[in-house]
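Listed below are the residues making up each chain.
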Amino acid sequence: MEGLSVVVALVILVIITIGMGVRIVPQGSKHIVQRLGKYHSTLNPGMNIIIPYVDQVPYKVTTKDIVLDIPSQEVITEDNATIIANAVAYINIVSPEKAVYGVEDYEIAIQNLVQTALRSIIGEMSLDSALSSRDLIKAKLKEAISDDISDWGINLKTVEIQDINPSATMQKAMEEQAAAERQRRATVTRAEGEKQAAILEADGRLEASKRDAQAQIVLADASREAIERVTRAISDQELPVMYLLGERYIGALENLSASDNAKNIIFPADLPHAIKGLLNR
Amino acid sequence: MLEWLNLHIAYWHWLVLGLLLVTAEIFVSGFILFWFGLAALAIGVLLMLVGIPITAQLLLWAGLSVALVLLWLKFIKPNWKDRTTSGMAMEALTGQVGSVIESNIGRPRGRLRFPAPILGEDEWQFMSTSEIAIGERVKVLNISGNTLVVSPL
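Residues numbered from 1 in each chain as written. Chains lettered and ligands numbered in written order. Predicted model: local features only at pLDDT ≥ 70, side-chain atom pairs only at ≥ 80, totals over all residues. Heavy atoms only, no water.

**Description of the overall build of chain B**
Right, on to step 1. A tally of regular secondary structure across chain B gives 5 helices and 5 strands.
Right, on to step 2. Starting at the N terminus, the α and β elements of chain B follow one another as α-α-α-α-α-β-β-β-β-β.
Right, on to step 3. By residue count, 33% of the 153 residues in chain B fall in the buried class.
Right, on to step 4. Across chain B, the fraction of contacts at a sequence separation of at least 24, relative to all contacts at a separation of at least 6, is 46%.
Right, on to step 5. Counting only carbon and sulfur atoms, one obtains 66% of the accessible surface of chain B, whose full area is about 8,800 Å². (Helix = DSSP H or I, 4+ residues; strand = E, 2+ residues; numbered from the N terminus. Buried < 20%, exposed > 50% of the residue type's maximum accessible area, 1.4 Å probe, protein only. Contact = heavy atoms within 4.5 Å. Areas by Shrake-Rupley, 256 points an atom, 1.4 Å probe, with all protein chains shown as cover.)

See the structure below:
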């Protein structure tokens, strides 16, 4: 009976001891081994043996890439504009023992480093260049941080700027600026249209006057031609003229007598003479 | 108790215990229960052939289990090589050979290029204790932040 108890206890001890001595580390993580409180070694993925009761595994560290969200923050640019920027960083733990023993909390440490570096990099840029040159900011950010994190055995793979937006008041001002610019252009366009219209109207008037003048000249020419022809046709024969004039004269007298307010008409007795008087002969 | 156990523990009890332990291996992390199960199966087979007292059976089981675990760790496991270094930056980088495209002469750091990207990048900064001219080939020894520590080949 005693023998059985001892043997059973021994068997249990053996199982527990071997269970403690064997460490299976999954791919993508590494375990830190401390021997009696001091760093001893780092276990790689796979099965590992540690000395039971003497060695402990206080830290299990992932060696996969860690995505760090960098919270958004207000940044003041060189030209005193406030913009809001946030980023996302991808880090990879290269030396787990440095990461574990070198800094209290590497995630917070790197978040803060990226934040401050981002602030100082954008602080040296003007608003317009900060809004348009993300790649440059990325490269500078990586360069600025990589020295600081080297003590922690951490590699900064990439850092991406997620949002880079002007602050609310800045955005309003920019919108107003854009609206004003458009309004200015609209006003200029309208004024140009009016100017064009006025010019065209004046052109029209000028053209019309020119044509009127030409028409008068043509009329005058025609009158002169007609008079010349009549003159030529008459030459020194008085009689046809007398006849024509007499006819018109009588016609005029007829018209005169037909009007409402002419009651008494006096015909000259000597018509040829009267016509001669008209002709000043 | 001892006599009762001696009378009533049959060989198939060991076989069942062995199979249970081997099955339990699936649900527990660590590659330990499997060997205890294997040892239990061996004891069961042994009992079919010869009669052994129960204390001796238990001791034999414990001893055989430890022996199997040690055998596995000493001789078989070391021959299993790692098939991937994915997710392991240090192992993926150390030992890689690249050529220098920017010398570190007169400067703290130079640049090197690998034939294929490693950890997502084919150009890296490097530092070295010796001065290395452009075009020389270097081997990665260590990594410090985003800078590689190299030595000329």
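**With respect to a nonpolar patch on the surface**
Residue and element names in this part refer to chain B.
Right, on to step 1. A contiguous nonpolar surface patch, about 950 Å² in accessible area, is contributed by Tyr-11, Trp-12, Val-16, Leu-20, Val-45, Leu-46, Met-48, Leu-49, Val-50 and Leu-60.
Right, on to step 2. Secondary-structure elements contributing two or more residues to the nonpolar patch are α2 (11-24) and α3 (33-49).
Right, on to step 3. Among the secondary structure elements, Leu-46 is positioned in helix α3. (Patch = residues over 30% accessible without salt bridge, like charges linked within 9 Å, V, L, I, M, F, W, Y side chains within 5 Å. Salt bridge = Lys/Arg side-chain N within 4 Å of Asp/Glu carboxyl O.)

**A short note on helix α4 (residues 54-76) of chain B**
Right, on to step 1. The first and last C-alpha atoms of α4(B) sit 31 Å apart over 23 residues, in line with the 33 Å expected at 1.5 Å per residue.
Right, on to step 2. All of the buried residues in α4(B) are B:Ile54, B:Gln57, B:Leu58, B:Trp61, B:Ala62, B:Ser65, B:Leu68, B:Val69, B:Trp72 and B:Leu73. (Expected span 1.5 Å × (residues − 1).)

**Describing the UniProt feature "transmembrane region" (unreviewed entry) in chain B**
Right, on to step 1. Mapped onto the present numbering, the UniProt feature "transmembrane region" (unreviewed entry) falls on residues 12-36 and 42-73 of chain B.
Right, on to step 2. The distance separating the terminal C-alpha atoms of residues 42-73 of chain B is 19 Å; by composition the span is 88% helix and 0% strand. (UniProt positions renumbered as here; feature names shortened; annotations may be inferred.)

**Observations regarding the nonpolar core**
Right, on to step 1. With 38 residues, the main nonpolar core has A:Tyr106, A:Ile122, A:Leu141 and A:Ile154 as its most contacted residues.
Right, on to step 2. Listed by contribution, the elements that provide at least two residues to this core are β6 (66-76), β7 (82-93), α2 (96-102), α3 (106-123), α4 (127-132), α5 (134-149) and β8 (154-166) of chain A.
Right, on to step 3. Top element by residues in this core is α3(A). It accounts for 9 residues.
Right, on to step 4. Once residues lying within four places of it in the same chain are set aside, the contact partners of A:Ile122 are A:Val75, A:Ile76, A:Thr77, A:Glu78, A:Ile83, A:Ala85, A:Ala130, A:Ile137 and A:Ile164.
Right, on to step 5. The next biggest cluster of nonpolar side chains, apart from the first, holds 25 residues, and it includes B:Leu5, B:Ala40, B:Ile43 and B:Leu58. (Core = buried A, V, L, I, M, F, W, Y, C linked by side-chain atoms within 4.5 Å.)

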